[in-house]
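# Architecture at a glance
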Amino acid sequence: MAGMRHIAVLGATGSIGASALDVIARHPDRMRATVLSAGSQVEALVALCRTHRPDHAVIADEARFAELRGGLRDAGLLTQAHAGADALDGLVAGAGCDTVVAAIVGAAGLRSTLAAAAAGKRLLLANKESLVLAGELLMSVANGANAEIIPIDSEHNAIFQCLRSRETQGDVRRIVLTASGGPFRGRSRDALATVTPAQAVAHPKWSMGPKISVDSATLMNKGLELIEAHHLFGVPGEKLAVLVHPQSLVHSLVEFVDGSTLAQLGLPDMRTSLAVGLGWPQRIESGVAGLDLLTQGRLDFEAPDTDAFPCLRLAWEAMEAGGTAPAVLNAANEVAVSAFLQGRIGFLAIPALVEDTLALLPGGPAESLEALLAVDAQARRLTASAITGHALPA
Ligand code: NAD
Ligand code: MG
């Protein structure tokens, strides 16, 4: 690796942020976190600054600026305090970092992800919602600026690795995304009516933030990942497939025209994907142990159940429809998941709300960022007002 890597970790206080900082701290000779950002958790951000001593810390919530500045000063740190989206975009695009870990959750991560792509940075992309909302735009901005995108989502990171096995293009027959099936795998639709937020976020294999944990429970996560794969790897829907694999050890598979299927395997720990992104084309220590298949014993596979988990079907349809449909899907899902986590609606209301919002908003071309953001806002309003019709008794 040429010189020191200077890394901005966006969403540093989250689950991916913690994994990224863990890997970075293992390699003080070759990389350093120079920018850390968080949404509104000032205390957690200051604590990370104490440990990692970045040059800059950014809090998205502008009302917390004085608190952040005071906290950094009281900690005796030289880290400069910043607040707001413009400040974050400026730091991401600036000379203080060459690598950006995009790990903000939801469409809130789109602006900074685009800023990193436009500035030609190495983009370690965890924020899948930005690809679902504005995939064509983000890919074309990244291509135009020669930004190198390394997917961090474990499935896409696996596919990225498998695709590096050859020097040609156009030889992929099929890409198979694996899915753990989430905490409710095997349950009928009826049995899902009364599941609670606490049960939904208790993922059997992965430790993740609350939003993606609920997405894993509804299988919307796999639907978002189909759209993500479509954009990242430029493959049409008919070359994509989903396979449930409860052990979460095979992270995805790529089948080539010669009949070879390559897979990437490993323990379910995001530090492996992050180490690939931080070190590529070198392999570097991640802190993750190797895979002992003798201890693990079995690898099982089954088809996804789209009757019990309609979000996967809805996402597939939105991908096929293209244009603004994935943006609507994503926005409706974010609003519905947030209401579910707050105990306002039941689990089955999530697919119902997404389906209704998709039906209400006619699709259109995804021409510009403005058009996509307008559709995103409209879908959020429609879904929010439909929530009362699904409200749980208080
Ligand atoms: P998380 O909830 O643990 O962390 C989210 C981070 O984003 C926090 O640092 C939070 O402060 C910040 N944030 C939230 N709202 C913000 C806003 N409006 N502006 C700025 N910052 C904001 O989430 P996570 O599990 O780390 O997931 C982050 C992203 O990575 C998501 O897009 C998720 O789908 C993706 N991802 C996560 C995992 C995983 O294992 N956790 C795996 C694959 C992909
Ligand atoms: Mg994933």
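Here, the structure is the one placed above.
Residues numbered from 1 in each chain as written. Chains lettered and ligands numbered in written order. Predicted model: local features only at pLDDT ≥ 70, side-chain atom pairs only at ≥ 80, totals over all residues. Heavy atoms only, no water.

Looking only at helices and strands, one finds 16 helices and eleven strands in the protein. Against the compact-globule benchmark of 21 Å for 394 residues, the protein has a radius of gyration of 20 Å, which places it among compact chains. Counting only residues that meet the buried cut, the protein has 53% of its 394 residues in that class. Long-range pairs, those at least 24 residues apart, make up 68% of the contacts in the protein between residues at least 6 apart in sequence. One way to put it: in the protein the 31 positive side-chain charges average out to a point 5 Å from where the 40 negative ones average out. (Helix = DSSP H or I, 4+ residues; strand = E, 2+ residues; numbered from the N terminus. Rg over C-alpha atoms; globule rule 2.2 N^0.38 Å. Buried < 20%, exposed > 50% of the residue type's maximum accessible area, 1.4 Å probe, protein only. Contact = heavy atoms within 4.5 Å. Lys, Arg positive; Asp, Glu negative; His and termini not counted. Charge placed at Lys NZ, Arg CZ, Asp CG, Glu CD.)

Turning to the site of ligand 1, a few remarks are in order. The environment of ligand 1 is made up of 24 residues, and the closest members are Thr 13, Gly 39, Gln 41, Glu 129 and Gly 209. Here an oxygen atom of ligand 1 sits 2.9 Å away from a polar atom, N or O, in the main chain of Ile 16. Within the complex, the protein chains bury 85% of what would otherwise be the 830 Å² of accessible surface of ligand 1. The pocket occupied by ligand 1, as judged from atoms lying within 2 Å of grid points, is the largest pocket. Elements represented by at least two residues in the shell around ligand 1 include exactly α1 (15-25), α6 (128-144) and α9 (210-218). Here the shell around ligand 1 is built from residues that sort into 13 nonpolar, eight polar and three charged. Both of domain 1 (5-151) and domain 2 (153-305) provide at least three residues apiece to the shell around ligand 1. (Near = heavy atom within 4 Å. Polar contact = N/O pair within 3.5 Å; in protein donor to acceptor, adjacent residues only side chain to side chain. Areas by Shrake-Rupley, 256 points an atom, 1.4 Å probe, with all protein chains shown as cover. 1 Å grid on protein atoms, 1.4 Å probe; cavity = no way out; pocket = protein on both sides within 12 Å on 5 of 7 lines; lining within 4 Å. Sits in = over half its atoms within 2 Å of the grid points. Nonpolar A, V, L, I, M, F, W, Y, C, P; charged D, E, K, R; others polar. Domains from an automatic or database assignment.)

Turning our eyes to something else, we now look at the layout of surface pockets. If you add up the space inside the largest pocket, you get close to 1,000 Å³. Lining the largest pocket are 50 residues, and of these Val 105, Gly 209, Pro 210, Lys 211 and Ile 212 lie nearest its centre. A class-by-class count of the residues in the lining of the largest pocket yields 17 nonpolar, 24 polar and nine charged. Taken as a whole, the second largest pocket holds about 530 Å³ of empty space. Looking at the second largest pocket, it is lined by 22 residues, and the ones nearest its centre are Leu 163, Arg 164, Gln 169, Leu 232 and Phe 233. Of all the secondary structure elements, the ones that give two or more residues to the lining of the second largest pocket are α6, β7 (148-151), α7 (154-163), β8 (172-179) and α10 (220-233). The element that contributes the greatest number of residues to the lining of the second largest pocket is β7, accounting for three residues. Here the lining of the second largest pocket is built from residues that sort into 13 nonpolar, four polar and five charged. Both of domain 1 (5-151) and domain 2 (153-305) provide at least three residues apiece to the lining of the second largest pocket. (Points joined across faces, edges and corners; volume = space filled by probe spheres on them.)

The next point concerns the sheet that holds strand β3 (residues 56-59). Within the open sheet, the seven strands sit side by side as β4-β3-β2-β1-β5-β6-β7. Their pairing is parallel. In this open sheet, the two edge strands, each paired with only one partner strand, are β4 (80-83) and β7. Adjacent strand axes in the sheet meet at a mean angle of 20°, parallel and antiparallel pairs treated alike. Relative to strand β6 (residues 122-125), strand β5 (residues 99-102) runs parallel, the two being bridged by four bridges. (Pairing = 2+ DSSP bridges. Axes fitted to C-alpha atoms, helices over the stretch in contact; angles between N-to-C directions.)

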